[in-house]
Amino acid sequence: MSGFKRVLLLGTGPTSIQLAATLKKQLNCYVGISGRESVRSEKVFAALKQSSHLIRVSVQNEKHQAMAGECFIDQVFKGYGTIKGDWDTIIFSVTTDAYMDVLKQMNDELLKQVKCIVLISPTFGSNSLIRNYMKRINSDVEIISFSTYYGDTRWIHNQPPNHVLTTGVKKKIYIGSTHDPSENIDRLCQLYEKLGIALERMQSPIEAETRNISLYVHPPLFMNDFSLQAIFGELDTKKYVYKIYPEGPITQYLIREMLAHWKEIMNMIGKMNIQGINLLKFMIDDNYPVRPESLSREDIENFNHLEPIHQEYLLYIRYTSLLIDPFSEPDKEGKYFDFSAVPFRKVFVNKEGYWEIPRMPKEDYYRIKIIQGIAKYLNVDCPTIDTFIERYERKIETFTQSHREELLSHAFTVQHFAEDLQMICSEIGKSITAKS
């Protein structure tokens, strides 16, 4: 049976506001929204209450008007334990490391009624995790994984947090389901077509989860000594994520680690009988294109078969080609848009008074620890991934030692995510057995 009649969104960030507006506008769903109680979410709940549950979405680019608009959310729940009613579809719009915490707060009776769970921005193994948890409650539930969220949505400065801005929209997204055939995926394909986004079906949810560029580029970009010094406030000047050293972390050594990291993940997914990806082609065709004068189509298509030094050379060219937006209009001085000027966010004191680590690399820590655990389960060596984790954990331990008298969030604790890994690997093991 098709869902998307009564849809519950989990999470109160900008993505949830955009999704709620899209579901209302394009599918005319009955929409509820819930989030944890915190200082940040309190402002969202207050704005929703003051506006009688009105939300607004603006877009930066006129061609994305299908995503803009305003509407009223039907129900709002403060705290996941307060959710009531029957919901045919639940959409997770929280960070991947919070999936289990959110599910455990929800009522089992409510989860028994759910027909479909959608993971908007999962990581490698998220679908397996949810499937393992849900099998004792509702073994028939369909669980859908997207490769990533379809846009870039943020709060608007000096506006109440029921109003968001979508600044960019992806051209292509991947999707996979535990059910085949799937009426829900048919419905989502129709929805994404209205938004002007190509949606490619994969054979399994975990295959869709491998089509997230963050898996391949975030650990090398954020878990190197230079970036960690910038994030943990040890450098005096502003540094930028996508710039060449010394403005940013990109060196021949970072590119070498990026290549090795990608190969380690390819070894893992090969053991799981999942089709691999051409990293350079994925970067250019599915993410940010470069001009053909910078990288030839022949080199892009043949990337997987080239020698490592040639692959490193092409990846380095890709990043230097995107120091500026090669498709922007130059100004009178001949300067193009400074595409790579994305500053590192530094550790900060949050609204509760605790030191906190920015979402990048905090979210990447969970992502890469899960990948490391799956690699060990599959008996795949991952020395580059091990190195990223060692660097990051050494840095949070050093920061903890130097801030003993201050309040630190849980993000400063070395974690193992053993429960999540046990559940994920249990499902992966079943999948491999079924295929062999």
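Below you will find a few notes about this structure.

Rules used in this analysis
- Residues numbered from 1 in each chain as written.
- Predicted model: local features only at pLDDT ≥ 70, side-chain atom pairs only at ≥ 80, totals over all residues.
- Heavy atoms only, no water.
- Axes fitted to C-alpha atoms, helices over the stretch in contact; angles between N-to-C directions.
- Helix = DSSP H or I, 4+ residues; strand = E, 2+ residues; numbered from the N terminus.
- Left-handed = near helix turned anticlockwise from the far one by under 90°.
- Contact = heavy atoms within 4.5 Å.
- Nonpolar A, V, L, I, M, F, W, Y, C, P; charged D, E, K, R; others polar.
- Expected span 1.5 Å × (residues − 1).
- Buried < 20%, exposed > 50% of the residue type's maximum accessible area, 1.4 Å probe, protein only.
- Polar contact = N/O pair within 3.5 Å; in protein donor to acceptor, adjacent residues only side chain to side chain.
- Core = buried A, V, L, I, M, F, W, Y, C linked by side-chain atoms within 4.5 Å.

## Describing the packing of helix 8 (residues 214–222) against helix 14 (residues 359–377)
(1) Moving on: Where helix 8 meets helix 14, the closest approach of the two axes is 10 Å, and the angle between their N-to-C directions is 115°. The way helix 8 lies across helix 14 gives a crossing that is left-handed. On helix 14, the residues that touch Ser214, Leu215, His218, Pro219 and Phe222 of helix 8 are Met360, Pro361, Asp364, Arg367, Ile368 and Ile371.
(2) Moving on: Its residues assigned to classes, the contact of helix 8 with helix 14 shows seven nonpolar, two polar and two charged.

## Topic: helix 10 (residues 252–271)
(1) Moving on: A rise of 1.5 Å per residue sets the reference length of helix 10, with its 20 residues, at 28 Å; its end C-alpha atoms lie 29 Å apart and thus fit the reference within 8%.
(2) Moving on: Downstream of helix 10 by a residue or two, Asn273 has a phi angle that is positive, lying close to 60°.

## Some remarks on the side chain of Asn224
(1) Moving on: Along the chain, Asn224 falls in the loop between helix 8 and helix 9 (225–231).
(2) Moving on: Of the residues examined, Asn224 reaches a relative accessible area of 9% and is grouped as buried.
(3) Moving on: Engagement of the side chain of Asn224 in a polar contact is seen with the backbone oxygen of Pro220, the distance being 2.8 Å.
(4) Moving on: Setting aside chain neighbours within four positions, we find Asn224 in contact with Pro249, Leu254 and Arg391.

## With respect to the nonpolar core
(1) Moving on: In this structure, Phe92, Met106, Ile130, Tyr216 and Ile374 are the most contacted members of the largest nonpolar core, which totals 102 residues.
(2) Moving on: A per-element tally of this core places helix 10 first, with nine residues.
(3) Moving on: In this structure, Ile374 is in contact with Phe124, Met268, Leu421, Ile424, Cys425 and Ile428, ignoring residues within four places of it in sequence.
(4) Moving on: Within the second largest apolar cluster, 41 residues are counted, among which are Cys29, Leu48, Phe146 and Tyr150.

## A few points about unusual backbone geometry
(1) Moving on: At the junction of Tyr245 and Pro246, the peptide bond is cis and its omega measures out at 10° in the coordinates.
(2) Moving on: Tracing the sequence through the fold places Pro246 in the loop between helix 9 and helix 10.
(3) Moving on: Here the bond from Met360 into Pro361 is cis, since omega is 25°, no more than 30 degrees from zero.
(4) Moving on: Note on placement: Pro361 falls in helix 14.
(5) Moving on: In this model, Asn379 sits at a positive phi of 60°, which is unusual for a non-glycine residue.
(6) Moving on: One can find Asn379 in the loop between helix 14 and helix 15 (383–402).
(7) Moving on: A relative accessible area of 66% means that Asn379 is categorised as exposed.
(8) Moving on: A positive phi angle is found at Phe417, which is not glycine, with a value near 50°.
(9) Moving on: By the element assignment, Phe417 lies in the loop between helix 15 and helix 16 (418–435).
(10) Moving on: Judged by relative accessible area, which is 18%, Phe417 ranks as buried.

Taken by themselves, the reported measurements are silent on function.
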